[in-house]
Amino acid sequence: MSERWAIILHGGARKIEPEDAQDNRRGCMAALEIGHGLLSAGGEAIDAVEAVVRQLEADVTFNAGYGAVLNAEGVAQLDAAIMTGADLAVGAVAALEGVRHPVSVARRMLAETDGLLVAGGARAFAARHGLLDNETGGEPRALSRASGDTVGCVVLDRSGHMAVGLSTGGLSGKSPGRVGDTPLPGCGFYVDDQVGGVALSGDGEAITRTLLAARVMAALECGTPQNAAARAMAHLDRVGGEAGVIALDPRGWMGWAHTSPHFAMGLASHQLSPRVALHQSELKDLLHA
Ligand code: GLY
């Protein structure tokens, strides 16, 4: 087992009001410390991304899980996905109601032939596996202080395996049944042990129309994660909209970029102690250009 491991996570690309800055930093650091603990001890990539995203889903600072924003009918409809880079397995759910941790439903799907389940199908799957949350029950909660974005995490474990996980309530006031980029491989996320991994946040329709995760993966094949992230953001110019991206490669090199005013994120590795930031400029010293 190698000494090398790395984690990069985000709490969403958006404008963060000054009074929310501390909660965003604290929330990212709490999730980062969970991932740091698991990965440095030799834990598996898939366990780390699930644990990290669950922590972000439990924090009402972020638009995911328990803190998710509500749709036009006042219902939390959640999208989430998880992917493993060793075998390219994907589990994803969309427009799921009544679950506090949709990323765990997505994880449970990795062993199934179905890659993406939506709405009632996703809920029935969660019920069959005991993952419905009776406490939340899908009722409108309006707990979130987030304005609309996604949480996500990409990791490299000490066995050289990578995984990505992400979760969102989507856009506040969205149409019932609307599905964004988050559960769609090649749009909101992707990971391949041989190439690297990526997770997006931001305007789902813009990210989907420009196939941003696929573009990052293509760029990772011949460049650094930082270069791949920056190039992906440039594609958004064609359709407008705001987004943020995190990327990681099998060496443990990381990249991030955003067109939104802020992008809550955190990173750590075998060489780097945990750091969090709300803007790309804060961690300039860590970029491999
Ligand atoms: N990026 C999350 C969404 O648009 O649903």
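Only a predicted model underlies this, so the values are computations on that prediction, with no experimental measurement involved. (Residues numbered from 1 in each chain as written. Predicted model: local features only at pLDDT ≥ 70, side-chain atom pairs only at ≥ 80, totals over all residues. Heavy atoms only, no water.)

### Structural notes on the pattern of salt bridges
Next up, step 1: One pass over the full model with this rule turns up nine salt bridges.
Next up, step 2: The residue Glu50 makes a salt bridge to Arg107 at a minimum N-O spacing of 2.9 Å. Linking Glu50 in helix α2 (residues 45–57) with Arg107 in helix α3 (residues 102–108), this pair joins segments that are 57 residues apart in sequence.
Next up, step 3: Take Glu50: its relative accessible area is 15%, and that puts it in the buried class.
Next up, step 4: Residue Arg107 is classed as partly exposed on the basis of its relative accessible area of 26%.
Next up, step 5: Taking the shortest distance from any N to any O, the salt bridge between Asp249 and Arg251 comes out at 2.6 Å.
Next up, step 6: Through salt bridges with shared partners, a single network forms among Asp23, Arg26 and Asp59. (Salt bridge = Lys/Arg side-chain N within 4 Å of Asp/Glu carboxyl O. Helix = DSSP H or I, 4+ residues; strand = E, 2+ residues; numbered from the N terminus. Buried < 20%, exposed > 50% of the residue type's maximum accessible area, 1.4 Å probe, protein only.)

### Description of the environment of Ala111
Next up, step 1: As for its placement among the helices and strands, Ala111 is situated in the loop between α3 and β4 (116–118).
Next up, step 2: Ala111 gets classed as exposed once you look at its relative accessible area, which sits at 73%.
Next up, step 3: When the C-alpha positions of Ala111 and Asn227 are compared, they lie 34 Å apart, and in sequence the two are 116 residues distant.

### Considering the sheet that holds strand β10 (residues 254–258)
Next up, step 1: Spatially, four strands are ordered β7-β8-β9-β10 in an open sheet, and the strand pairing comes out antiparallel. Both outer strands of the open sheet, β7 (189–192) and β10, are each paired with one neighbouring strand and no more. Taking the axes of each pair of neighbouring strands and ignoring which way they run, one obtains an average angle of 10° across the sheet.
Next up, step 2: Against the sheet, helix α6 (residues 212–220) engages β7, β8 (196–202) and β9 (243–248), with an angle of about 150° to β8.
Next up, step 3: Against the sheet, helix α7 (residues 225–235) contacts β8, β9 and β10, and its axis sits at roughly 20° relative to β10. (Pairing = 2+ DSSP bridges. Axes fitted to C-alpha atoms, helices over the stretch in contact; angles between N-to-C directions. Contact = heavy atoms within 4.5 Å.)

### Topic: empty space enclosed by the protein
Next up, step 1: According to the stated counting rule, one finds two cavities of 30 Å³ or more in the structure shown.
Next up, step 2: When its volume is computed, the largest cavity comes out at roughly 60 Å³.
Next up, step 3: Lining the largest cavity are 13 residues, and of these Thr150, Thr168, Gly170, Arg178 and Gly202 lie nearest its centre.
Next up, step 4: Residue composition of the lining of the largest cavity, grouped by class: one nonpolar, eight polar and four charged. (1 Å grid on protein atoms, 1.4 Å probe; cavity = no way out; pocket = protein on both sides within 12 Å on 5 of 7 lines; lining within 4 Å. Points joined across faces, edges and corners; volume = space filled by probe spheres on them. Nonpolar A, V, L, I, M, F, W, Y, C, P; charged D, E, K, R; others polar.)

### Observations regarding the environment of Val103
Next up, step 1: Inspection of the secondary structure puts Val103 in helix α3.
Next up, step 2: Separated by 76 residues in the primary sequence, Val103 and Val179 place their C-alpha atoms 15 Å from one another.
Next up, step 3: Among residues more than four places away in sequence, those in contact with Val103 are Glu50, Val53, Arg54, Glu57, Ala80, Ala81, Ile82 and Leu166.

### Details of the packing of helix α1 (residues 21–40) against α2
Next up, step 1: It is at 9 Å that the axes of α1 and α2 come closest, and there the two elements cross at 160°. By the angle between their axes, α1 is roughly antiparallel relative to α2. Note on packing geometry: the crossing formed by α1 with α2 is right-handed. Each of Gly27, Ala30, Ala31, Ile34, Gly35, Leu38 and Leu39 in α1 lies in contact with α2, whose residues at this interface are Ala45, Asp47, Ala48, Ala51, Val52, Gln55 and Leu56.
Next up, step 2: Taken together, the residues that form the contact of α1 with α2 break down as ten nonpolar, three polar and one charged. (Parallel < 35°, antiparallel > 145°, perpendicular 65-115°, else oblique. Left-handed = near helix turned anticlockwise from the far one by under 90°.)

### Quick notes on the nonpolar core
Next up, step 1: Ile7, Leu9, Val49, Val52, Cys153 and Val155 are the most contacted members of the largest nonpolar core, which totals 28 residues.
Next up, step 2: Counting residues per element, this core draws most heavily on α2, at seven residues. (Core = buried A, V, L, I, M, F, W, Y, C linked by side-chain atoms within 4.5 Å.)

### Comments concerning the site of the ligand
Next up, step 1: Around the ligand, the structure places Thr150, Thr168, Gly170, Arg178, Gly180, Asp181, Thr182, Gly202 and Gly204.
Next up, step 2: A distance of 2.6 Å separates an oxygen atom of the ligand from a polar atom in the side chain of Arg178.
Next up, step 3: Interatomic distance of 2.7 Å between a side-chain N/O atom of Asp181 and a nitrogen atom of the ligand.
Next up, step 4: For the ligand, whose accessible area on its own is 200 Å², the fraction buried by protein is 100%.
Next up, step 5: In this structure, the ligand is accommodated by the largest cavity.
Next up, step 6: Its residues placed into classes, the shell around the ligand shows no nonpolar, seven polar and two charged. (Near = heavy atom within 4 Å. Polar contact = N/O pair within 3.5 Å; in protein donor to acceptor, adjacent residues only side chain to side chain. Areas by Shrake-Rupley, 256 points an atom, 1.4 Å probe, with all protein chains shown as cover. Sits in = over half its atoms within 2 Å of the grid points.)

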